[in-house]
Amino acid sequence: MLDIYTLDDEVLRTDTEKVTEFDQSLKILVDAMFDTLTEADGVGLAAPQIGVSKKLFIVDLQKGEEGRYVFINPEIVETSIEEGPYEEGCLSIPGFYRTLYRPLKVKIQAQDLNGKYFNLDAEGVLARVIQHENDHLNRILFIDHLPEEEKEKVEKAFRKKEAKKHKRKQK
Ligand code: NI
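Residues numbered from 1 in each chain as written. Predicted model: local features only at pLDDT ≥ 70, side-chain atom pairs only at ≥ 80, totals over all residues. Heavy atoms only, no water.

## A look at the coordination of the nickel ion
Link 1 in the chain: Protein-derived coordination of the nickel ion comes from C90 (SG), H132 (NE2) and H136 (NE2), at a distance range of 2.1 to 2.2 Å.
Link 2 in the chain: Written as a sequence motif, the donor residues of the nickel ion are C-x41-H-x3-H. Here H136 lies in helix α2 (residues 124-137) and C90 lies in the loop between β4 (83-88) and β5 (98-103), a separation of 46 residues in the sequence.
Link 3 in the chain: Among the residues examined, H136 registers a relative accessible area of 1% and is labelled buried. (Donors = N, O, S within 2.8 Å, 3.2 Å for Na, K, Ca; no water. Helix = DSSP H or I, 4+ residues; strand = E, 2+ residues; numbered from the N terminus. Buried < 20%, exposed > 50% of the residue type's maximum accessible area, 1.4 Å probe, protein only.)

Structure follows, in structure tokens:
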């Protein structure tokens, strides 16, 4: 399992670069990301979360191979005007969930593991996860969408929790 970077790690706020090599090492990286995502019991994981500043994220709706998606150099090309609420969490801010409104449908263009371009129309949970993960590639965390006060509350609570964890480790 790869290490998952959290809230205050610089890499989550670092610009990402386009993937240019569609080689074996990319496939190995993506495999490791799926293993990590399964282990962490999450539905989506973006490369910056494992310390890799590249435009790449994966989704696993945990319906076996069918629910697995790899998006490389993605671009959300269309979003629905209609928005809806959904409770989001993030493996980089474990334990904190907040309801966000986002477009209910998106159209995304991306490349697959072989570099081939594809388009996908997504709705429901998939559309939600795509928007959350795509944000990671643009240095955005879901708490950035909250009112400033609410965001600070989450940050403070997360840091407090982390500090306690480290204290326990020292003992
Ligand atoms: Ni996230």
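Next, the rest of the story.
## Some thoughts on the side chain of N73
Link 1 in the chain: With respect to the helices, strands and loops of the structure, N73 is situated in strand β3 (residues 68-79).
Link 2 in the chain: Given a relative accessible area of 9%, N73 falls into the buried group.
Link 3 in the chain: In this structure the side chain of N73 is engaged in a polar contact, spanning 2.8 Å, whose partner is the backbone nitrogen of V19.
Link 4 in the chain: Contacts of N73, omitting those with residues within four sequence positions, involve K18, V19, F22, K55, Q109, A110 and Q111. (Polar contact = N/O pair within 3.5 Å; in protein donor to acceptor, adjacent residues only side chain to side chain. Contact = heavy atoms within 4.5 Å.)

## With respect to the pattern of salt bridges
Link 1 in the chain: What the rule picks out here adds up to 13 salt bridges.
Link 2 in the chain: A salt bridge links D135 to R102, with the nearest nitrogen and oxygen atoms 3.0 Å apart. Of this pair, D135 sits in helix α2 while R102 sits in strand β5, and the two are 33 residues apart along the sequence. By the burial criterion, D135 is buried, and R102 matches it.
Link 3 in the chain: Linked through salt bridges whose partners overlap, the residues forming this network are E88, R102, R128 and D135. (Salt bridge = Lys/Arg side-chain N within 4 Å of Asp/Glu carboxyl O.)

## Quick look at the packing of aromatic side chains
Link 1 in the chain: Overall, the coordinates contain 4 aromatic pairs when judged by the stated rule.
Link 2 in the chain: Judged by centre distance (5.9 Å) and plane angle (40°), the rings of F71 and F118 are tilted. Of this pair, F71 sits in strand β3 while F118 sits in strand β7 (residues 117-123), placing them 47 residues apart in sequence.
Link 3 in the chain: Judged by relative accessible area, F118 falls into the partly exposed class, the value being 25%. (Phe/Tyr/Trp six-rings, centres within 6.5 Å; stacked < 30°, edge-to-face > 60°.)

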